[in-house]
Amino acid sequence: LLNNILTHCQQTKQLLTRMNVTPTVIELDRMKNGLGAGEDSIALKLLHLYGQSTVPNVFIKGQHIGTNDDVQAKARSGELQKLLMG
């Protein structure tokens, strides 16, 4: 499972790098309140706000984009390029 998670995160980072984008990466597992079920858990807040419990949880210019699959699909359709330029 961990390798699968890392692969999805790496795929997103690699795609953005190929597009000359340097992503800001926030690794929840390295933050005191990143993971867990506590009231201050960032992961739990993201789940409540966006309905997504998986990573990567991608945002562009403050807009929630979704998972690696969503980012890859938007790249194939040309929508990701438009979001990055807009």
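Cut-offs applied
Residues numbered from 1 in each chain as written. Predicted model: local features only at pLDDT ≥ 70, side-chain atom pairs only at ≥ 80, totals over all residues. Heavy atoms only, no water. Helix = DSSP H or I, 4+ residues; strand = E, 2+ residues; numbered from the N terminus. Rg over C-alpha atoms; globule rule 2.2 N^0.38 Å. Buried < 20%, exposed > 50% of the residue type's maximum accessible area, 1.4 Å probe, protein only. Contact = heavy atoms within 4.5 Å. Areas by Shrake-Rupley, 256 points an atom, 1.4 Å probe, with all protein chains shown as cover. Lys, Arg positive; Asp, Glu negative; His and termini not counted. Charge placed at Lys NZ, Arg CZ, Asp CG, Glu CD.

Asks: Help me understand the overall build of the protein, please; the structure alone is not making it clear to me.
Replies: When you go through the protein residue by residue, the secondary structure sums to 4 helices and 2 strands. Listing each helix as α and each strand as β along the protein from the N terminus yields α-α-β-β-α-α. For the protein, the C-alpha radius of gyration of 13 Å lies close to 12 Å, the compact-globule estimate for 86 residues. Viewed in the frame of its principal axes, the protein has a C-alpha envelope of about 40 × 25 × 20 Å. Counting every position in the protein, which comprises 86 residues, the buried fraction comes to 27%. Long-range pairs, those at least 24 residues apart, make up 32% of the contacts in the protein between residues at least 6 apart in sequence. Carbon and sulfur atoms form 54% of the exposed surface of the protein, whose accessible area is close to 6,200 Å². The average position of the 9 basic charges and that of the 7 acidic charges among the side chains of the protein differ by 8 Å.

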